[in-house]
Amino acid sequence: MKAMLFITLILTFVLVPGVKSLPISKNDLLQAKIQGPMEKILYVNKHHDYFEGDIVLAKKQGEKNAIIDETLKWSSVIPYEIHSQYDSNTRSLIEDVLREISVRMCVEFVPRGNEGSYLMYTRGDGCYSSVGQMGGMQVVSIGLGCEGRGVIKHETMHALGFWHEQSRYDRDDYVEIVWENIQSGMEYNFDKYSEDQIQTLDEEYDYSSVMHYGPTAFSSNGEPTIVALYSGGENMGQRNDFSQIDLNKLRKLYNCDVDVSGWSDWTSWSGCDVNCKRHRKRFCEDEFCETSSETESTDCDHFCVAGHDTDCKSRVATSYGFVTSPLYPYNYKAEVECLQTIVAPSGEQVALSFETIDVEDYYGVCYYDWVKVYDGPDALSPLIATFCGRAVPNTIRSSGNALTVLFYSDYSVTMRGYLADYSTSSSNPLHVCRFEGDISNCGWTNDDSADFKWSRNKGTTPSYDTGPTYDHTTMQSEGYYMFIETSSPQTNGMKARLLTPVLPRPDGGNCLTFAYNMFGATVDDLSIYQVKLSRLQLLPIFSVSGNHGNNWIEAEVTIYGNDDYQLAFEGRRGNGYTGDIAIDDVIVLSGECDEGGSGIA
């Protein structure tokens, strides 16, 4: 008898493939004496052949300077995501630019819900964007070395529909292109386009545009490749903010009817900074304005510890869940101090179990980076233990109702960090495994009597067009899950079984919650069995078949019985290699599932 299933579809995030960015640092840029955003972009992208230095072309892009095709324009509401691999400083900078555009134009950038077309700010190989709306997830790459207000504005203007200023058909009236100074093979980056290919929106040529090349762009000898013919060209390519003409063009392209004679509305509030403050701005374009912008600040609207890294979840008060180092599953930042306090209701205790840890270890001494756990609500409480390296420590329990985790990293080496599950006395999960560490850390084993084995994986599975592209725990391509690989030598009907550790008999019922992914044309079956040890019985409690798309699906089922038991997760191979099945975040709680899921007694 199959158990009743209570399944919730969750939102699918399609991420950019994990590609290493160029090793460009702020120090590199300083040594190269780079100031303007376009110079920075071309320096960071110097090993890539992006069109005009930073543009990813699509088939339907044919117009230059400002798009003519109305289908390439965004609507007045533009959904966006900012990839979690960024630290809080870069995320705040990107959000600050988007908030500014939202109050100075008639478009509004909003965090993405389930919209199909949206901008994804992510750390790709360098600085680049497509021009105009391409449909679906559209990458705006702010890679290593690209983090700056001018670069973010430049790439966002590309995404909104603008090409480079010197592409205009009338540019030879304002600048001279010095062809003999251009790198061989890079001349095409200085093409100009006819009036039937571009629209200038009736605005003057703009030396000060954030979209203009710098004077030595693509130079072969350090000499100028662009020379201004009139005054005003001395700042060409050096601007980090929108020029007035940039703003005029944006408003005209999007048919904005906004009053710009004076101060704009205030932006929305920023997130909390390291000093536990939030900020908002407004902007003035009136000729009588004494300043072009103003900033207001206020205290954070949630618990915050001044001086501690804003990328860490500071205080946790739910019954069970997990905490991680900042930016996990990506490497933590250098020079981070992260304080996390887990608080249980009065009279209860907190248990903390590390599933994975990867923190710099200096010859067995936690000298440079470390994790400290304190028995109480802050770092002044008694110290229980200090960890580093990769050895997973034993479960830690508080004597009172709070535990505090303090993570520290110095200025150099960064590693993956940690994930630790926590619970309070009242929740008391019987078992939790998120597969972020080795499966042995959770006490899981492959059943050697099966035909083949489950494997731990991150990102996409090896076979094309099958399996997940990210894990369920972190929703990132660097997180881990378990899956069956159905390529050769596996054949039709072969099975793999994965076993939990022994769990106590479920008097009154236990609630099993988990996530599964079944994506591929030849997906067969995922079955879960309750293995009753004293009776050697194998009872089916869950089964699902077929292709469910590249989604993680959450399910739960209540387990009954009066014997100690294990759970067996069995994946069966279908009639082709596109049949990968994955599971993640397996949790067993005492008591029936809330929705009343029934199992087999």
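Just so it is clear, the model here is predicted, and its values are computed rather than measured.

(A) Region of interest: the overall build of the protein. Counting its regular elements, the protein contains five helices and 30 strands. What you see for the protein is a C-alpha radius of gyration of 28 Å, in line with the 25 Å of a compact globule of 601 residues. If you line up the protein on its principal axes, its C-alpha atoms span 90 × 60 × 50 Å. The proportion of buried residues among the 601 residues of the protein is 56%. In the protein, of all internal contacts separated by at least 6 residues, the share reaching a separation of at least 24 is 77%. As presented, the protein carries roughly 25800 Å² of accessible surface, and 48% of it is formed by carbon and sulfur atoms.

(B) Structural context of the packing of aromatic side chains. By the definition in use, this model includes 27 aromatic pairs. Ring geometry for Phe 354 versus Tyr 418: centroids 5.8 Å apart, planes at 65 degrees, classification edge-to-face. Here the residue Phe 354 occupies a position in strand E14 (residues 350-358), and Tyr 418 occupies one in strand E19 (residues 417-424), the gap between them amounting to 64 residues. What makes Tyr 418 buried here is its relative accessible area of 0%. Plain terms: the ring middles of Tyr 516 and Phe 542 are 5.8 Å apart, the flat faces sit at 65 degrees to each other, and that makes the pair edge-to-face. Of this pair, Tyr 516 sits in strand E25 (residues 510-518) while Phe 542 sits in strand E27 (residues 537-545); the two residues are 26 residues apart in sequence, bridging distant segments of the chain. Grouping aromatic residues by their ring pairs yields a cluster made of Phe 435, Trp 444, Phe 514, Tyr 516, Phe 542 and Phe 569. Positioned above the aromatic ring of Tyr 254, the side-chain terminus of Lys 73 is 5.6 Å from the ring centre. Over the face of the ring belonging to Tyr 118 we find Arg 112, whose NZ or CZ atom lies 3.9 Å from the ring centre.

(C) Focus on the state of the cysteines. All told, the structure shown has seven disulfides when counted by the stated rule. Residue Cys 284 pairs covalently with Cys 289 via a disulfide, S to S 1.5 Å. Taking the relative accessible area as the measure of exposure, Cys 289 reaches 22% and is therefore partly exposed. Across the disulfide from Cys 366 sits Cys 388; the S-S distance is 2.2 Å. In this structure the cystine formed by Cys 366 and Cys 388 twists about its S-S bond by roughly -85 degrees; its chirality is therefore left-handed. In this pair, Cys 366 sits in the loop between E14 and strand E15 (370-374) while Cys 388 sits in the loop between strand E16 (383-387) and strand E17 (396-397), placing the two residues 22 residues apart along the sequence. On the accessibility criterion, Cys 366 (23% relative accessible area) is partly exposed.

(D) Broad picture of the pattern of salt bridges. Scanning the model with the defined rule gives 32 salt bridges in all. Via salt bridges that share partners, Glu 100, Arg 104, Lys 153, Asp 241, Arg 251 and Glu 285 belong to a single interconnected network.

(E) Inspection of the sheet that holds E19 at higher detail. Reading across the sheet, the four strands line up as E12-E19-E14-E17 and stay open at both edges, with antiparallel pairing between neighbours. A strand with exactly one partner marks an edge of an open sheet, and here the two such strands are strand E12 (320-324) and E17. Here E12 runs beside E19; their pairing, made up of five bridges, is antiparallel. Among the inter-strand pairings, Val 323 is bridged to a residue of E19, identified as Ala 420.

(F) How the structure looks around helix H4 (residues 149-160). In this model H4 runs 16 Å from its N-terminal to its C-terminal C-alpha over 12 residues, within 8% of the 16 Å that 1.5 Å per residue would give. Judged by how many residues are buried, H4 sits mostly within the fold: 11 of 12 residues are covered. Turning to H4, its buried residues number three or more, namely Gly 150, Val 151, Ile 152, Lys 153, His 154, Glu 155, Thr 156, Met 157, His 158, Ala 159 and Leu 160. Immediately downstream of H4, the backbone of Gly 161 shows phi near 125 degrees, a positive value.

(G) Seen up close, the nonpolar core. Core analysis: the largest hydrophobic core is formed by 58 residues, its most contacted members being Phe 109, Leu 119, Tyr 121, Phe 190 and Tyr 254. Element by element, the count of residues in this core is highest for H4, at five residues. Setting aside anything within four residues of it in sequence, one finds Phe 190 in contact with Arg 171, Ile 177, Trp 179, Ile 182, Tyr 213, Ala 217, Phe 218, Thr 225 and Ile 226. Counting residues in each nonpolar core, the second largest holds 34 residues, with Cys 433, Leu 512, Tyr 516 and Ile 581 among its members.

(H) Fine view of the pairing of strand E23 (residues 480-484). With five of its five residues buried, E23 lies for the most part within the structure. What you see with E23 is no split at all: Tyr 480, Met 482 and Ile 484 on one side and Tyr 481 and Phe 483 on the other are buried throughout. Of the pairings in the sheet, the one linking strand E22 (residues 455-458) to E23 comprises four bridges and is antiparallel in character. Note on E23: the bridge partner recorded for Arg 456 is Met 482. Pairing between E23 and strand E30 (residues 581-590): three bridges, direction antiparallel. Each bridged residue has a counterpart across the sheet, and for Ile 484 the counterpart in E30 is Ile 581.

Reading guide: rules and limits
Residues numbered from 1 in each chain as written. Predicted model: local features only at pLDDT ≥ 70, side-chain atom pairs only at ≥ 80, totals over all residues. Heavy atoms only, no water. Helix = DSSP H or I, 4+ residues; strand = E, 2+ residues; numbered from the N terminus. Rg over C-alpha atoms; globule rule 2.2 N^0.38 Å. Buried < 20%, exposed > 50% of the residue type's maximum accessible area, 1.4 Å probe, protein only. Contact = heavy atoms within 4.5 Å. Areas by Shrake-Rupley, 256 points an atom, 1.4 Å probe, with all protein chains shown as cover. Phe/Tyr/Trp six-rings, centres within 6.5 Å; stacked < 30°, edge-to-face > 60°. Lys NZ or Arg CZ within 6 Å of the ring centre and 35° of its normal. Disulfide = S-S within 2.5 Å. Salt bridge = Lys/Arg side-chain N within 4 Å of Asp/Glu carboxyl O. Pairing = 2+ DSSP bridges. Expected span 1.5 Å × (residues − 1). Core = buried A, V, L, I, M, F, W, Y, C linked by side-chain atoms within 4.5 Å.

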